[in-house]
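Structural overview
The primary structure of each chain is shown beneath.
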Amino acid sequence: MSKTKSAIILTFVTLIIAVLCVVCFASFPAGGINYYNSLLSLSDKDADLGDYLIGDTAYVGGGYAVVYYPEGVISSREYEEMTADLTGDDLEEYQNRYLSYADGALYLEKEIVCEDGSDAVSAAFVADFDRMKDMLRSRFESLDQAGMSMQIVDDYTVRVFLPATMEASAAAFTFFSYMGEFTISFGSDESSATVALPSPTGTARPASYYIRGASAASQSGTHYVQVEFTDEGQALIADLTADTTGTMIFRVGENDVLSLTISEQINQNTLYISGSYTAETAAIVASLIDSAVNAGEAEDVSLTLGDISSVPALMGENALMLLYIVLGVLMLLSLIFFFVRYHRLGFVHLYSFLTYLTLSVVCIWAAPGITVSLGAIVAFVIGAVMLSIGDLVSFEYARKEFANGKTMTYSVKTGYKKCMWHIFDAHIVAIVFGLLTYAIGIAELCVFGAALGLCATLSGVCTLLINRFYWSIMMPFAKSAAAFCNFKKVAEEDDDE
Amino acid sequence: MNNRFVISKLKALWFALSALVIVAGIVLYALMGFSYQGAETKTVEVIYGSVVSVNGRVEELEGFCEDAFDANGISYDSKTTTEELNPSTFSGTGEYMLRYTFAADTSNEAISAAEDAIRSALGTENVYSAVSVSAHTLAGETFYKTAWRGAIGIAVGALVALIYIGVRFGVGKALAGLLGCIHDAAFTLALLALLRIPVYAYTPILFAALAVIFSLLLWMVQCMKMRENFKDPAYVALSAEEAVGESYKTSYRIVLIFAAVMLVMFLALGAVATAGVRLFMFSAIIPLATAVYSSLLFTPAIYVPFKAAGDRRKFRNKRNEGKKKAEAKA
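1. Description of the interface of chain A and chain B
- Each side of the interface is counted separately: chain A has 62 residues, and chain B has 62 residues.
- With eleven residues, helix H13 (residues 408-440) of chain A is the largest single contributor of residues to the side of chain A that touches chain B.
- In this sheet, strand E2 (residues 78-85) of chain B lies alongside strand E18 (residues 303-311) of chain A in antiparallel orientation, the contact comprising three bridges. Along E2 of chain B, the bridge assignment pairs Ile308 of chain A with Leu85 of chain B.

2. Points about the packing of helix H10 (residues 240-271) of chain B against helix H12 (residues 285-329) of chain B
Residue and element names in this part refer to chain B.
- At a closest axis distance of 10 Å, the pairing of H10 and H12 adopts a crossing angle of 165 degrees. If you check the angle between H10 and H12, you find them roughly antiparallel. H10 and H12 meet at a crossing whose hand is right-handed. Along its contact with H10, which presents Ala240, Glu241, Ala243, Val244, Tyr248, Tyr252, Val255, Ala259, Met262, Leu263 and Phe266, the element H12 presents Ile285, Leu288, Val292, Ser295, Leu296, Pro300, Tyr303, Val304, Lys307, Ala308 and Asp311.
- Taken together, the residues that form the contact of H10 with H12 break down as 18 nonpolar, one polar and three charged.

3. Considering the domain arrangement of chain B
- Each domain of chain B was delimited in the assignment, giving domain 1 (6-37 + 142-314) and domain 2 (41-138).
- If you average the C-alpha positions of domain 1 of chain B and of domain 2 of chain B, the two centres end up 47 Å apart.

4. Quick look at the pairing of strand E7 (residues 98-101) of chain A
Residues and elements named next belong to chain A.
- Here four bridges tie E7 to strand E8 (residues 106-109), and the two strands are oriented antiparallel to one another. Residue pairing across strands places Leu99 opposite Leu108, the latter belonging to E8.
- What sits between E7 and E8 in their antiparallel hairpin is a turn of four residues, with Ala102 showing a positive phi close to 55 degrees.

5. Things to note about the nonpolar core
- If you look at the biggest cluster of nonpolar residues, it comprises 234 residues, and the most contacted ones within it are Ala451 of chain A together with Leu216 of chain B.
- Each of domain 1 (6-37 + 142-314) and domain 2 (41-138) of chain B gives at least three residues to this core.
- Non-local contacts of Leu216 of chain B, meaning those with residues more than four positions away in its chain, are made with Val429 and Phe433 of chain A together with Ala158, Ala161, Gly177 and Cys181 of chain B.

6. A look at the sheet that holds E2 of chain B
- Strand order in the closed barrel formed by eight strands is E5(A)-E10(A)-E9(A)-E4(B)-E1(B)-E3(B)-E2(B)-E18(A), and the pairing between neighbours is antiparallel. This sheet shows a mean twist of 35 degrees between the axes of neighbouring strands, independent of strand direction.
- Packed on one face of the sheet, helix H6 (residues 123-141) of chain A meets strand E5 (63-70), strand E9 (149-153), strand E10 (157-163) and E18 of chain A and runs near 5 degrees to E10 of chain A.

The rules we used
- Residues numbered from 1 in each chain as written.
- Chains lettered and ligands numbered in written order.
- Predicted model: local features only at pLDDT ≥ 70, side-chain atom pairs only at ≥ 80, totals over all residues.
- Contact = placed C-beta atoms within 7 Å.
- Helix = DSSP H or I, 4+ residues; strand = E, 2+ residues; numbered from the N terminus.
- Pairing = 2+ DSSP bridges.
- Axes fitted to C-alpha atoms, helices over the stretch in contact; angles between N-to-C directions.
- Parallel < 35°, antiparallel > 145°, perpendicular 65-115°, else oblique.
- Left-handed = near helix turned anticlockwise from the far one by under 90°.
- Nonpolar A, V, L, I, M, F, W, Y, C, P; charged D, E, K, R; others polar.
- Domains from an automatic or database assignment.
- Core = buried A, V, L, I, M, F, W, Y, C linked by C-beta atoms within 7 Å.
- Buried ≥ 20, exposed ≤ 12 C-beta atoms within 10 Å, placed from the backbone.

Structure (structure tokens):
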């Protein structure tokens, strides 16, 4: 490649990398109350990590937590607020109704929670609570959210945490608090709708006799809930909607989940319900219907939602910043190694590395499934190490060829040819493993797999293609190619010794 | 000690060590499970309204709490302030929760006494009238789906990668790699259970994935070197055991370099970090160390019989071909 051509391309590449670096890493005030936030700061952070955008305009990361109180259980705060407003007999009556539990952390309503005439929690309540807890767990588990957690607080309340990356957290918290039997009501309007399924007359059959289940799906960007009926369910719904138009309401316990306007007979085994659903809200509604159909019972304990807490990064306020600093220092050390060992050839590695770094950030920002998490950072590190070792191996192969008396051009060509399959094999294995764990795994493993697949791909492209391209455009500037790369012929090496 | 000795003669030792660790890990896991970080914790929660923050009394409030903890001889693991949101509107209620988290073994009496001390420190001052203090005990719940889906994902990912290794380097190396991957995942999980290392809910499955990817990469280094070396005529006369031992001499440095670089990464990322990140990064050394152990000692020892069988088959094929040629000539 001629020197002029190289100069033009190198300038162009340098400009692109510089712009990408600014776009990816620089956040700055842009006049007044406007701020420019880097792609890295705008990238989704998982529940463990998080940081404020510049100007503290918003927090990216962390998540939301809520406490569910079963019927008959209230918080100490609610109890204190109620007793503060009461006096005399009312106060005494209220106090007698409740039993302090867990050193006053909770108050249990004796009539609902305790055995008749005693202060012991009844076995029936414990069983109801366990059923409710299992149902909550299965509903939240179906969301496959990385960073989600569930805890039992003071034996009889449930705390659920969802990451901020889930946009429909509030809907999940609210819908999943609906407990009880699944019913379908039908009537000319909402007020006159009566329960049609499970059939209120004749043999009592559960909703699962009529409905197989519900799931979320999407097609052409439209998200919907599909409810699959059994033959009996299909026949019942067909009969119900045969001659009349009206409103069909899906309920869980006393709570309306869906309200459909029916204008023609429904006679199909699957009902597709679309609307303003996002992928998340469709999944929430489908999960709720599915669990209520298969496990909901009329006697299920009802739940009350406490306030939602906005929780910052679980790993600590400065966790992400410290990780960035250490990663920066490690990258710098790796670059110093390359400059010391290969002199100006170190620039080739520098440019390859910056390309890898900026493209990784752009992809992490753009890809919906990847968040900045500890797993993703480990995947990024694996990709960076593979890139550095790949560059090192290709430089060493070329050095060996050059030492044996080949010309520089031939050494580079042969060096790359000899190590290409080694580097390709290592990367392809990491890519395959990453993408398959992403496709099959869920939650954190899915994020790790996606990040590993992405970083290994970028690392492979950078070390096999871009690295060689940079070498070819930088080499023409060197007066002595050998000095540029710090390569020596065997004879020279012997002389040095 | 030569490499052949390390790989073959001591293989009984490596197998016994691995079996011992894995069996002990399984037993301990069955009895006690993993030592989940924060699986059981205690908290003291102080909810205050905007009247406290507007009057700049948050630091004072925190001071009351921390003095009360000191006075009762307890220390918290973490402190967070969260904003309370209305569940219907998802907008701020104007209240904040100051949450101190304690280890599960913190005395209930001390926490209760600290709770009382905070209440009395708040006194009857109007600014603190709506402040609520409560102590709680939390027990974590496990999501099983994450574990089994993750296990299937890792298994499928490793199998497909090993099929590629089989195509590129031979079935024997793929089979040895498969056993190495299974060993590494099991060994890593066993060590987590045995050493009672505190782990987050997602750490075991993530570390199993890390062990497998490290195992695949490091075993591939051995495979590449073996393929390169076995082409050398000097290796033809060697037995399977000797050939693997000789090849080992040229590959172990690369394995150690990769491991050393990753080790430096994990140590550096863990050293300058918050406690949670430190725990994760330092623990991530376990899958790395396991993969290094396996690719240097365990998997080559497993591969020797595969190579021996392959060599025998090649020899038989050659002999049959020779016989056929001789018969054809006759």
